[in-house]
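Overview (structure and organization)
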Amino acid sequence: MKLPFMKPLQFLTLLSCAIFILPLVALADADVGIIGLEVKDNVNVVYHIKVASVREDGVSKGVAELRHLLRLYDEVGVTRDKRDIHAVFDADGVPFVVSDSAYARLGKGDTNPNTALIAELIGEGVSVEVCSQRMERDKLTSQSLLPGVKMVLGGQPRVIDLELRGYAYFRF
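The following paragraphs examine the structure supplied in this document. As the structure is a prediction and not an experimental result, all values here were calculated from the model.

Before going further, it helps to examine the overall build of the protein. In terms of helices and strands, the protein carries 6 helices and 5 strands. Listed N to C, the secondary structure of the protein is α-β-α-β-α-α-β-α-β-α-β in terms of helices and strands. Going through the 172 residues of the protein one by one, you find that 35% of them count as buried. Put simply, of all contacts in the protein between residues at least 6 apart along the chain, 67% involve residues at least 24 apart. Of the roughly 10800 Å² of accessible surface on the protein, a fraction of 59% belongs to carbon and sulfur atoms.

This part is about the pairing of strand S2 (residues 83-89). Of all 7 residues in S2, 6 are buried; the element is thus mostly enclosed. The parallel pair strand S1 (residues 43-49) and S2, bridged by helix H2 (residues 61-75), forms a crossover whose chirality is right-handed. The pairing of S2 with strand S3 (residues 127-131) spans 4 bridges and is classified as parallel. Paired with Val88 across the two strands is Glu129, which belongs to S3.

Before going further, it helps to examine the pattern of salt bridges. In total, this model carries 11 salt bridges according to the counting rule given. Taking the shortest distance from any N to any O, the salt bridge between Arg165 and Asp161 comes out at 3.3 Å. Asp161 sits in the partly exposed class, given a relative accessible area of 34%. Each of Asp92, Arg134, Arg137 and Asp138 takes part in salt bridges that share partners, so that together they form one network.

This part is about the pairing of S3. Of all the 5 residues making up S3, 5 are buried; the element is thus mostly covered by neighbouring parts of the structure. Both faces of S3 are covered, namely the face carrying Ser127, Glu129 and Cys131 and the face carrying Val128 and Val130. For S3 and strand S4 (residues 150-152), the ladder comprises 3 bridges, and the chain directions are parallel. Bridge pairing in S4 places Cys131 opposite Val152. Between the parallel elements S3 and S4, the chain passes through helix H5 (residues 132-137) in a crossover that is right-handed.

Conventions and cut-offs
- Residues numbered from 1 in each chain as written.
- Predicted model: local features only at pLDDT ≥ 70, side-chain atom pairs only at ≥ 80, totals over all residues.
- Heavy atoms only, no water.
- Helix = DSSP H or I, 4+ residues; strand = E, 2+ residues; numbered from the N terminus.
- Buried < 20%, exposed > 50% of the residue type's maximum accessible area, 1.4 Å probe, protein only.
- Contact = heavy atoms within 4.5 Å.
- Areas by Shrake-Rupley, 256 points an atom, 1.4 Å probe, with all protein chains shown as cover.
- Right-handed = clockwise from strand over helix to strand, strands pointing away.
- Pairing = 2+ DSSP bridges.
- Salt bridge = Lys/Arg side-chain N within 4 Å of Asp/Glu carboxyl O.

Laid out in structure tokens, this is it:
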């Protein structure tokens, strides 16, 4: 068969592309669904909250996102007995874990809008930790903290320690 617009070698090249490449393009366009999680046991995460980013209601975006992460994990079977999550509050994140009176003293408002979420995180097994260096700088004491919040030597050294022990790092 002679094609007036194409030489035989060009025709074979085009034909081979059609045979081998087009099915790959179709596969790439196929809906493969949502990629799930491979690791569902021994999920170790250090969640570093050091930015004063808040929603319209004053709740820390980082705290709200951490709660969302826990809900997603629960939905896929990564329950609290299969995970170890540390939320380390450092720098501008420290006010999110203090009492109402300390929150007011820091000039953030009359009441800490994060109180209920912090209690929920602790209830879900999250170790909520705060930088003692920043607390000292802000003239806060352990009595300034919400119930269940633990003081650590320093936020950054704590994060580094957890990372060196194999914890995945997430910063907010």
